[in-house]
There are 4 protein chains.
Amino acid sequence: MNATEEKARRSIGARRNPASAEAILDAAEAVLHEAGYSGFSIEAVARRARAGKPTIYRWWPSKAALLIEVYQRQKRDIVYADTGNIEEDLFQFLRSLFGSWRDTPAGNIFRSLIAEAQFDAAAAEALADYARGRRAYTGKLVERAIDRGEVARGVDPSQIADMVSSYAWTHLLTGRLDESEDKLRAAVGAIVNGIKV
Amino acid sequence: MNATEEKARRSIGARRNPASAEAILDAAEAVLHEAGYSGFSIEAVARRARAGKPTIYRWWPSKAALLIEVYQRQKRDIVYADTGNIEEDLFQFLRSLFGSWRDTPAGNIFRSLIAEAQFDAAAAEALADYARGRRAYTGKLVERAIDRGEVARGVDPSQIADMVSSYAWTHLLTGRLDESEDKLRAAVGAIVNGIKV
Amino acid sequence: MNATEEKARRSIGARRNPASAEAILDAAEAVLHEAGYSGFSIEAVARRARAGKPTIYRWWPSKAALLIEVYQRQKRDIVYADTGNIEEDLFQFLRSLFGSWRDTPAGNIFRSLIAEAQFDAAAAEALADYARGRRAYTGKLVERAIDRGEVARGVDPSQIADMVSSYAWTHLLTGRLDESEDKLRAAVGAIVNGIKV
Amino acid sequence: MNATEEKARRSIGARRNPASAEAILDAAEAVLHEAGYSGFSIEAVARRARAGKPTIYRWWPSKAALLIEVYQRQKRDIVYADTGNIEEDLFQFLRSLFGSWRDTPAGNIFRSLIAEAQFDAAAAEALADYARGRRAYTGKLVERAIDRGEVARGVDPSQIADMVSSYAWTHLLTGRLDESEDKLRAAVGAIVNGIKV
DNA sequence: ACCTAAGCGAGACGGTACGTCTCGTCTTGCG
DNA sequence: CGCAAGACGAGACGTACCGTCTCGCTTAGGT
């Protein structure tokens, strides 16, 4: 998190300078940590990173894009277990995700990102793109279960992923990341087994 | 929703002018409907209400406070059908909720409140209270189904409500309120019947 | 020229604050003097005046407008003599103008303004307006001479003024403000008496 | 004026590439013509010439240097008629000059050079040299008239030339190149015949 | 025939200034 | 004393250029 570079970085020719990219991401993280989302401006990041604003805009078209990258760098590795049991796979995924959001800055960053997307169209698009990708990824868990014959063929994997991540998002947004494991298991169980008698 | 006053209101002396307060709330609602959260600034509301900014600041110390009051004024005529079939009940609830959020200011107001709640503690509390209430209320649908013997005894009604409303919130926040009825039925179906083969 | 205010100025309500206007003009003058035209930016003026940029833009729609007002404040009173002799009147006007441009910052300010007008449309218009006014004013000398019967009736006063001020502008722009009185008299003489045998 | 090269130029080794130099000057001229001085940036010229910025900076250390060279390349086919009548000669000169400035890049180039000369010493010197030459040249019209006995002996030809070109410069700088022929004749008439009754 | 030196296009870099926007505060004068 | 009005200092927004830098290439001329 070497945010205060001792020497000015110079151009390294007509190619992206990785040192600048890293300094910017470091600075973004530091600004978010120290000033919170309300103090998070491109100007502040540029100042802190000793970078020009255009350099930031060149590589991150919106505040949201920068936030997403900071978020991804920050986020602790999420478990995508393959236990041969869809219920267990989804539970471990949720538990891992809640833990990461609880214990690292990632949760707050993602909350900021969702808020940002509510009034910035570019942020909304960036977030939608990201969420689509995550749903596809999480959907793989369900696909595997379908291939195993564990889950019915007609089920749409990305829709189940949508359900699971919606549950996670909403708990993040309303400060309920401390649900017990039983609760998480029950939530997953409802989806997997249904609630009918 | 008489937002565009044709005549300037005059002071009524050294007392709060209810007409101004109402005009401000009307204007806030209209602005949220027409320009969304991104266009929702104190300046814009003051302009629309033909009110001075200090008048707004005098009575609502923050954007969040104004949002909360606007949102509480909103009547929500969501259908809570009782068809005797939990799947149909939940589907109609979701369809009605999505429609309301799509076609009235309610959607934008709620989105804005969620966003605001991510950095304003008062808004966060108001939102949490509200969400709790909604879960309890929606949970009644499930309780009825349990009483009917349609749903298993062990199921936690408010958790199912959580799942359903999470799905709705996330779609609101990511601009996916135009899901087809089939999609909504499929989502409800997954919860009610499970996805196992 | 109290440019560095010791105390922050405060709003004085919904009216223009003369203290701010003065501070801005003082700052503009100081910046022009210290950094020259190339260092003259709205940002620099705002910084120096401890004023917000919008405050400057509110009252001076362009850099040129600000330059014009600074110029007008600066310029030493130009002599508009009324000797009863058009030749003498014009000569004294020119001598006075050249002197003012030579001995005060006014010359440099006006040069800056003309340069600015070459790439800023707003500046061009402001300059054109100003020049039109000056021509009309200077034209009065000729009008008086016409009324006296000294000058032919068909002569267009503003065109003669145009000729005289063109002569002055060009000498300003090419660094020839040190013309001898004889030269000035000869120039005026050519216009007034013609050059024919 | 083959400004839009269809093919990329190739390097010709470790020597200045005349094709690039020419393309840059062509581009500079085209940019000045189309966008005027305000659109005249090194970036714009480089873009238009498909040249790298360092290539321009290598050979022309400043905007002024580039301007001067562009301006010197400009051929000026100004009419120096010899009708045997000084008034007609000067009128045709002015009309021709105004037309050239209006219809070719020359006007914008010259305007730009004058503007640039207000803060760049090299440009100022180049401009002063040029102006001196032009005055001498235009003065020849007056000399001829003196020789013909049409104009008084004591008149300084270069001063009359100064007057005439000042009139032209000022009209160029204030966007008044569309003066009617009557106005031009009146201006010339004032100088030649005087304005006295 | 190889090697080196320099010019070339491209474009990223840290900066500065642009003109616009909204923030929350302040003061006026009317009612 | 509340109100509409709107000016104020502050500072972020996203864009345009500035002048510098480095890259990878191309080719001429010296060896």
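Residues numbered from 1 in each chain as written. Chains lettered and ligands numbered in written order. Predicted model: local features only at pLDDT ≥ 70, side-chain atom pairs only at ≥ 80, totals over all residues. Heavy atoms only, no water.

Trainee: Which residues make up the interface of chain C and chain D, and what values go with them?
Mentor: Taken together, the 38 residues of chain C in the interface contact 39 residues of chain D. Among the residues of chain C in contact with chain D, Gln118(C), Ile195(C) and Lys196(C) are the three that bury the most area, contributing 20% of the side total. Joining chain C to chain D, the criterion identifies two salt bridges. Residue Asp162(D) pairs with Arg176(C) through a salt bridge whose shortest N-O separation is 3.2 Å. The tally of links from chain C across to chain D stands at twelve residue pairs in polar contact (both at pLDDT 80 or more). For the side of chain C that touches chain D, the element with the most residues is helix α8 (residues 157-173) of chain C, which contributes ten residues. Considered class by class, the residues forming the side of chain C that touches chain D number 20 nonpolar, nine polar and nine charged. (Contact = heavy atoms within 4.5 Å. Buried area = accessible area lost by both parts, 1.4 Å probe. Salt bridge = Lys/Arg side-chain N within 4 Å of Asp/Glu carboxyl O. Polar contact = N/O pair within 3.5 Å; in protein donor to acceptor, adjacent residues only side chain to side chain. Helix = DSSP H or I, 4+ residues; strand = E, 2+ residues; numbered from the N terminus. Nonpolar A, V, L, I, M, F, W, Y, C, P; charged D, E, K, R; others polar.)

Trainee: Quick rundown of the relation of the copies chain B and chain A? Include the residues and the values.
Mentor: Relating the two copies of this chain is a rotation about some axis coupled with a shift parallel to it. It takes a turn of 179° to lay chain B on chain A, together with a shift of 0.1 Å along the axis; the resulting RMSD is 2.6 Å. This pairing of chains is accounted for by a two-fold axis. Here 95% of the contact residues of chain B are again contact residues in chain A; the copies associate through an equivalent surface. (Least-squares fit on C-alpha atoms with pLDDT ≥ 70 in both.)

Trainee: Before we move on, could you go through the interface of chain B and chain A and cite the residues and values that matter?
Mentor: In this assembly, 39 residues from chain B lie in contact with 37 residues from chain A. Taking both sides of the interface into account, the surface hidden between chain B and chain A amounts to around 3,700 Å²; carbon and sulfur atoms contribute 63%. On inspection of chain B and its partner chain A, the count reaches twelve residue pairs in polar contact (both at pLDDT 80 or more). Residue assignment for the side of chain B that touches chain A shows that the elements contributing at least two residues are α6 (106-117), α7 (121-148), α8 (157-173) and α9 (181-193) of chain B. Considering each element in turn, the side of chain B that touches chain A owes the most residues, ten residues, to α8(B). A per-class count over the side of chain B that touches chain A returns 20 nonpolar, ten polar and nine charged.

Trainee: Kindly report on the arrangement of the chains, identifying the contributing residues and their values.
Mentor: Nothing in chain A touches chain C; the tightest C-alpha to C-alpha distance between them is still 16 Å. If you take every C-alpha in chain B and every C-alpha in chain D, the smallest gap between them is 34 Å, and the two do not touch.

Trainee: Go over the domain arrangement of chain A with me, naming the residues and quoting the values.
Mentor: For chain A, the assigned domains are domain 1 (18-59) and domain 2 (76-193). The C-alpha centroid of domain 2 of chain A is placed 29 Å from the C-alpha centroid of domain 1 of chain A. (Domains from an automatic or database assignment.)

Trainee: Give a description of helix α2 (residues 42-49) of chain A that names residues and reports values.
Mentor: All names here are of chain A. Along α2, the residues classified as buried are Ile-42, Ala-44, Val-45, Ala-46 and Ala-49. Of the surrounding elements, those touching the buried residues of α2 are α1 (18-35), α3 (53-59) and α4 (63-74). Remark: Arg-50 follows α2 within two positions and exhibits a positive phi of approximately 50°. (Buried < 20%, exposed > 50% of the residue type's maximum accessible area, 1.4 Å probe, protein only.)

Trainee: Give a detailed account of the packing of helix α8 (residues 157-173) of chain D against helix α9 (residues 181-193) of chain D, specifying residues and quantitative values.
Mentor: Residues and elements named next belong to chain D. Where α8 contacts α9, the axes come no closer than 11 Å and their chain directions differ by 155°. The angle between α8 and α9 falls in the class roughly antiparallel. Handedness of the crossing formed by α8 with α9: right-handed. On the side of α8, the interface is formed by Ile-160, Met-163, Val-164 and Tyr-167, while α9 contributes Lys-183, Leu-184, Ala-187 and Ile-191. (Axes fitted to C-alpha atoms, helices over the stretch in contact; angles between N-to-C directions. Parallel < 35°, antiparallel > 145°, perpendicular 65-115°, else oblique. Left-handed = near helix turned anticlockwise from the far one by under 90°.)

Trainee: So what's going on with the side chain of Ser100(B)? Residues and values would help.
Mentor: Residue and element names in this part refer to chain B. You can see Ser-100 is positioned in helix α5 (residues 86-103). Given the relative accessible area of 17%, Ser-100 is considered buried. Leaving out residues up to four positions away in the same chain, Ser-100 has contacts with Ile-78 and Ala-106.

Trainee: Can you tell me about the protein's contact with DNA strand E, naming the residues and giving the values?
Mentor: Around DNA strand E, a shell composed of 54 residues is seen, among which Pro54(B), Tyr57(B), Pro54(C), Tyr57(C) and Arg9(D) lie nearest. In this structure, Arg9(A) approaches DNA strand E through a side-chain N or O atom, which is 2.8 Å from a phosphate oxygen. With respect to DNA strand E, the backbone of Asn17(D) contributes an N or O atom lying 3.0 Å from a phosphate oxygen. Among the secondary structure elements, those contributing two or more residues to the surface near DNA strand E are α3 of chain A, α2 (42-49) and α3 (53-59) of chain B, α2 (42-49) and α3 (53-59) of chain C together with α3 (53-59) of chain D. Residue classes in the surface near DNA strand E are distributed as 17 nonpolar, 18 polar and 19 charged. (Near = heavy atom within 4 Å.)

Trainee: I'd like to hear about the relation of the copies chain C and chain D, residue by residue, with values.
Mentor: Note on the copies: chain C fits chain D at an RMSD of 2.6 Å, the axial shift is 0.0 Å, and the rotation between them is 178°. Mapped onto chain D, 100% of the interface residues of chain C again fall at the interface, so both copies present the same surface.

Trainee: If you had to explain the packing of aromatic side chains to someone new, which residues and values would you point to?
Mentor: Counted under the stated rule, the structure contains 36 aromatic pairs over all chains. Aromatic side chains Phe98(C) and Tyr167(C) sit 6.4 Å apart centroid to centroid with 20° between the ring planes, which places their arrangement in the stacked category. You can see Phe98(C) sitting in helix α5 (residues 86-103) and its partner Tyr167(C) sitting in helix α8, a full 69 residues away along the chain. Here Phe98(C) and Tyr167(C) have matching classes, each one buried. On the numbers, 5.0 Å between centres and 85° between planes, the contact of Phe119(C) with Tyr37(D) is edge-to-face. In this pair, Phe119(C) is assigned in the loop between α6 (106-117) and α7 (121-148) and Tyr37(D) in the loop between α1 (18-35) and α2 (42-49), connecting two distinct chains. (Phe/Tyr/Trp six-rings, centres within 6.5 Å; stacked < 30°, edge-to-face > 60°.)

Trainee: Go over the UniProt feature "DNA-binding region" (unreviewed entry) in chain A with me, naming the residues and quoting the values.
Mentor: Mapped onto the present numbering, the UniProt feature "DNA-binding region" (unreviewed entry) falls on residues 41-60 of chain A. Between the C-alpha atoms that bound residues 41-60 of chain A the distance is 13 Å, and the span itself is 75% helix and 0% strand. (UniProt positions renumbered as here; feature names shortened; annotations may be inferred.)

Trainee: Give me the lowdown on the UniProt feature "domain: HTH tetR-type" (unreviewed entry) in chain A, citing residues and values where you can.
Mentor: The feature "domain: HTH tetR-type" (unreviewed entry), as annotated in UniProt, sits at residues 18-78 of chain A in this numbering. Spanning residues 18-78 of chain A, this segment combines 74% helix with 0% strand, and its end C-alpha atoms are found 26 Å apart.

Trainee: Help me get a handle on the pattern of salt bridges, residues and values and all.
Mentor: In the structure shown here, the tally under the stated rule is 56 salt bridges over all chains. In this structure, Arg132(C) and Asp129(C) form a salt bridge, with 2.7 Å as the shortest nitrogen-oxygen distance. You can see Arg132(C) and its partner Asp129(C) sitting in helix α7, three residues apart, about one turn around the helix. Judged by its relative accessible area of 44%, Asp129(C) falls in the partly exposed class. Taken together, the salt bridges that share partners define one network made up of Asp82(A), Asp89(A), Arg144(A), Arg148(A) and Glu150(A).

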